[in-house]
Each structure stands twice: as C-alpha cells, then as structure tokens.
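Here is how the chains run, residue by residue.
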Amino acid sequence: MAAELCRLGARVVVSGRTKDTLDATVEAVDAELGPGRAFAVTADVRDPASVEAMAGRATELLGAVDGLVNNASGLFPVKAEELTPNGFDAVVRIVLNGTWHCTSEVARRWLAAGRGGAVVNLLTPYAWTGAPGIVHNASAKGGVLAMTRTLGAEWSGHGVRVNAVAPGWMPVGGTDFLAGDPAVRQRLIDAIPAGRLLKPEETARAVAYLLSDDASYVVGEVLTIDGGHHLSKGLYEFTDELPGRS
Ligand SMILES: CCCCCCCCC/C=C/C(=O)SCCNC(=O)CCNC(=O)[C@H](O)C(C)(C)COP(=O)(O)OP(=O)(O)OC[C@H]1O[C@@H](n2cnc3c(N)ncnc32)[C@H](O)[C@@H]1OP(=O)(O)O
Ligand SMILES: NC(=O)C1=CN([C@@H]2O[C@H](COP(=O)(O)OP(=O)(O)OC[C@H]3O[C@@H](n4cnc5c(N)ncnc54)[C@H](OP(=O)(O)O)[C@@H]3O)[C@@H](O)[C@H]2O)C=CC1
C-alpha cells in the first residue's frame, strides 16, 4: 500500500507497532524511489496518546498531512460460541476504536486549521454481508462502515472527506492462513466471478483515487474491489452454462 502510494507520487508515513516491519517498508521504498518519500513512525492505534504523538511526528516529517489511511486490523478465525470477551475486545479495539482514534485526531487538526483532508478506511464486503467465523472483525468493520458514512456527511461541509475501500481477498498479511493451502486458494478463486485474486496494488490505487482531488465530491462512499465476489456467481456457481431456451 505505502509503496504504491509513493509510486503514484505521495510522501507517506507508515505506522504500526513493529519498528522492524516499518523500517523494512521504508528501506524498500528508498531502494526503489530514492530517500525522502516514506518515513516510519511507531504507534499503537488502540492508545489515543500514541496516536496523538504519531500525528504530531507525521506533521513534522511531511510538513502537512493531507490524507489518512486507516489500515490497521486484527483478525483470527474462531467459532463465535468459543470467542471470549477479551478476544472480541482485542479485535474491536484495533479495528473500530483504532480507526476512531486516528480519524478524530487527524480530522480535529484539519478542522482547527480550517483546512480539508481525506480519510480512507479499509473495509471488506463482509462489513455489510457478515462473515461466519470472524464475528469480531465483521462487527468492527460494520462499525467502521457506519463511521465512514456518518463522518463523511458530518464533515463534508468542512472539506474533510471520509470514504472507504472494501477489497476482496488478497493473499497477504493477516490472511496467510488461507493462502498456504493450494486447494483452499483454488476454491476461493472459483467463487470469484472475475476468476482471479485481487492484487494489493489494485487496492492501493483505489485508495489513491479516494485520497485525491479526483474524488472531491465523493462523500461517505464505499468503493468495493472484489471482482464481484460478494455478488456471487449466481446460477453460474452450479453450472458453467445455463440451459438455453428450447
Ligand atoms: C470466503 C472468503 C473469506 C475471506 C476471509 C479473509 C478476508 C480477510 C479480510 C480482513 C483481513 C484482516 O483484517 S487481516 C488483519 C490481520 N492482522 C492481524 O491479525 C495482525 C494483528 N493481530 C494481532 O495483533 C492479534 O492477532 C490480535 C489477537 C488480534 C490482537 O493481539 P493482542 O496481543 O491484543 O491479543 P492477545 O492478548 O494475544 O489475545 C487477546 C484475546 O484474544 C484471544 N485470541 C487470540 N488469538 C486467538 C485465536 N486464534 N483463537 C481464539 N482466541 C484467540 C486470546 O486468547 C485473548 O483472549 P483471553 O484468552 O480471553 O484473554
Ligand atoms: N488481506 C486481505 O485479504 C484483506 C484485507 N483487508 C483489510 O486491509 C487492511 C490490511 O490488511 P492486511 O494487509 O491483510 O493486514 P496485515 O495483518 O498485514 O496488516 C495489519 C497491520 O495492522 C497493524 N496493526 C495491528 N494492530 C495494530 C495496532 N494496535 N496499532 C497499530 N497498528 C496495528 C499491523 O502492524 P503491527 O502488528 O506491527 O502493529 C499490520 O501492519 C486491513 O484493514 C484488512 O481488514 C480487507 C479485505 C481483504
């Protein structure tokens, strides 16, 4: 995500809890595009004080922050009846609370300065379809969907745009547990009308669009990028060719 945004011309602060991961991203961008495009700042989105410090440091490094991408997430597959209160809380605090902490911190700075900005939240189509096996993440993403629409409308008059992308499955990061098994992978592909998996750069390009002035009148919207997965293949799920008219 960060590398593709830099390729498109952005200067980016990447943030998360693990310094080594962030440094590796910055080194990769430096090696490809030269220094000065990407910077690393550690933060924990569950902690408002940590987020405040991150926003301050990002402003120092970039001069001004024009956009925020809420990408941090947590997820583990679990049967709902086996999920503990702490397990539910662990995911909701990252996804829903974390998105709020980052969004409110950055937007308050924009509003106080009398300037606009763009927020893009990472959703998934199961924010509105639901997703058996990951009730914690689906519930949190559903909350972020409501937040996207609410704040999109609430702040649009101030030039602060809040939108979201909803990617389909990308075999990266926290979903490795599905990517390792070729048979599982093929079953996923078979369910996608587009007949292939999503590339991370495709998600990044959709994020870039919503961050950009090209989306200046797009407010509280969700751009779904899943090759039609959530729409399903309909009758084509069962047969390659529907019967013709006799
Ligand atoms: C068809 C298409 C489909 C497609 C489906 C795929 C589409 C995916 C789309 C979305 C993808 C993502 O969001 S991917 C993002 C994934 N990335 C990540 O998960 C990275 C960050 N993850 C984390 O930090 C951790 O995994 C996470 C648990 C969430 C938070 O860590 P913490 O240190 O805060 O939490 P812990 O202290 O370890 O644990 C807190 C509680 O959670 C419980 N817990 C932790 N792991 C558990 C597990 N595997 N099973 C049960 N319970 C677990 C612990 O027992 C604790 O409960 P008690 O025992 O009661 O105390
Ligand atoms: N992969 C997929 O198929 C799909 C992903 N998405 C969404 O895209 C986004 C990225 O997913 P993906 O790349 O797979 O996920 P990853 O697990 O690779 O990335 C999640 C990131 O969140 C960071 N993070 C987790 N907890 C915190 C925290 N408390 N504070 C700060 N950062 C935190 C992690 O860094 P660290 O642990 O170092 O803090 C990590 O960099 C997520 O919002 C996800 O829901 C949507 C649809 C499909």
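Up top is the structure.
Calculation notes
Residues numbered from 1 in each chain as written. Chains lettered and ligands numbered in written order. Predicted model: local features only at pLDDT ≥ 70, side-chain atom pairs only at ≥ 80, totals over all residues. Heavy atoms only, no water. Helix = DSSP H or I, 4+ residues; strand = E, 2+ residues; numbered from the N terminus. Buried < 20%, exposed > 50% of the residue type's maximum accessible area, 1.4 Å probe, protein only. Contact = heavy atoms within 4.5 Å. Areas by Shrake-Rupley, 256 points an atom, 1.4 Å probe, with all protein chains shown as cover. Lys, Arg positive; Asp, Glu negative; His and termini not counted. Charge placed at Lys NZ, Arg CZ, Asp CG, Glu CD. Salt bridge = Lys/Arg side-chain N within 4 Å of Asp/Glu carboxyl O. Pairing = 2+ DSSP bridges. Axes fitted to C-alpha atoms, helices over the stretch in contact; angles between N-to-C directions. Polar contact = N/O pair within 3.5 Å; in protein donor to acceptor, adjacent residues only side chain to side chain. Near = heavy atom within 4 Å. Nonpolar A, V, L, I, M, F, W, Y, C, P; charged D, E, K, R; others polar. Core = buried A, V, L, I, M, F, W, Y, C linked by side-chain atoms within 4.5 Å. Expected span 1.5 Å × (residues − 1).

Peer 1: Break down the overall build of the protein chain for me, with residues and values.
Peer 2: A count of helices and strands for the protein chain gives 9 helices and 6 strands. Principal-axis analysis of the C-alpha atoms places the extent of the protein chain at approximately 65 × 40 × 40 Å. Going through the 246 residues of the protein chain one by one, you find that 41% of them count as buried. Sequence-distant contacts, at least 24 apart, represent 72% of the contacts inside the protein chain between residues at least 6 apart. For the protein chain, the exposed area adds up to about 13200 Å²; of that, 54% sits on carbon and sulfur atoms. Both charge centroids of the protein chain, one from 22 positive and one from 28 negative side chains, sit 2 Å from each other.

Peer 1: Please set out the pattern of salt bridges residue by residue, giving values where relevant.
Peer 2: On inspection of all chains with the given rule, the structure shows 9 salt bridges. Residue Arg7 pairs with Glu4 through a salt bridge whose shortest N-O separation is 2.6 Å. You can see Arg7 and its partner Glu4 sitting in helix α1 (residues 2–7), 3 residues apart, about one turn around the helix. Take Glu4: its relative accessible area is 7%, and that puts it in the buried class.

Peer 1: Can you lay out the sheet that holds strand β5 (residues 160–167) for me, pointing to particular residues and giving the numbers?
Peer 2: Read across the open sheet, the 4 strands follow the order β3-β4-β5-β6; overall the sheet is parallel. Each edge of the open sheet carries a strand with a single partner, namely β3 (67–70) and β6 (222–225). Along the sheet, successive strands turn relative to each other by an average axial angle of 20 degrees, direction set aside. Where β3 lies against strand β4 (residues 117–122), 4 bridges are found, and the strand directions are parallel. Residue pairing in the sheet places Val69 in a bridge with Val120 of β4. Relative to the sheet, helix α6 (residues 135–155) contacts β4, β5 and β6, its axis offset from that of β5 by approximately 150 degrees. Helix α9 (residues 200–211) rests against β3, β4, β5 and β6 of the sheet, and its axis sits at about 165 degrees to β5.

Peer 1: Tell me about the side chain of Lys141, residues and numbers included.
Peer 2: Take Lys141: it is sitting in helix α6. Within the local environment of Lys141, its side chain forms a polar contact with the backbone oxygen of Leu122, the two atoms lying 2.7 Å apart. Those residues in contact with Lys141 that lie beyond four places of it in its chain are Ser73, Val95, Leu122, Leu123, Thr124, Tyr126 and Ala127.

Peer 1: I'd like a description of the environment of Asn137, backed by residues and values.
Peer 2: Here Asn137 shows up in helix α6. Along the sequence, Asn137 and Gly74 sit 63 residues apart, while their C-alpha atoms lie 7.2 Å from each other. Apart from residues lying up to four places away in sequence, Asn137 is in contact with Ser73, Gly74, Leu75, Val91, Val95 and Tyr126. Within polar-contact distance, the side chain of Asn137 engages the backbone oxygen of Gly74 at 2.8 Å.

Peer 1: Requested: an account of the site of ligand 2, with residues and values cited.
Peer 2: Around ligand 2 lies a shell of 23 residues, among which Arg17, Thr18, Asn71, Lys141 and Met170 are the nearest. At a separation of 2.9 Å, a nitrogen atom of ligand 2 approaches a polar side-chain atom of Asp44. When ligand 2 sits alone it has 870 Å² of accessible area, and the protein chains cover 80% of it. Looking at the shell around ligand 2, its residues break down into 10 nonpolar, 9 polar and 4 charged.

Peer 1: If you had to explain unusual backbone geometry to someone new, which residues and values would you point to?
Peer 2: The residue Ser232 is not glycine, and still its phi comes out positive at about 70 degrees. Of note, Ser232 is situated in the segment after β6.

Peer 1: Could you give an account of the nonpolar core, with specific residues and numbers?
Peer 2: Within the largest apolar cluster, 32 residues are counted, with the highest numbers of intra-cluster contacts made by Trp110 and Leu123. Here this core takes 8 residues from helix α4 (residues 85–113), the largest share from any one element. For Trp110, the residues in contact, after removing those within four places along its chain, are Val65, Asp66, Gly67, Leu68, Arg115, Gly116, Gly117, Ala118, Val119 and Val160. Counting residues in each nonpolar core, the second largest holds 11 residues, with Val165, Met170, Leu210 and Val218 among its members.

Peer 1: Provide a residue-level description of helix α3 (residues 48–62), including the pertinent values.
Peer 2: Between its first and last C-alpha atoms α3 spans 21 Å; for 15 residues at 1.5 Å apiece the expected length is 21 Å, and the two agree. Next to the buried residues of α3 lie β1 (12–16), β2 (38–42) and α4. Where α3 begins, one side-chain oxygen reaches toward the backbone nitrogen of Ala49, 3.0 Å away; that side chain belongs to Asp47. Directly after α3, the chain includes Gly63, whose backbone phi takes a positive value near 90 degrees.

Don't take any of this as a statement about function, it's just geometry.
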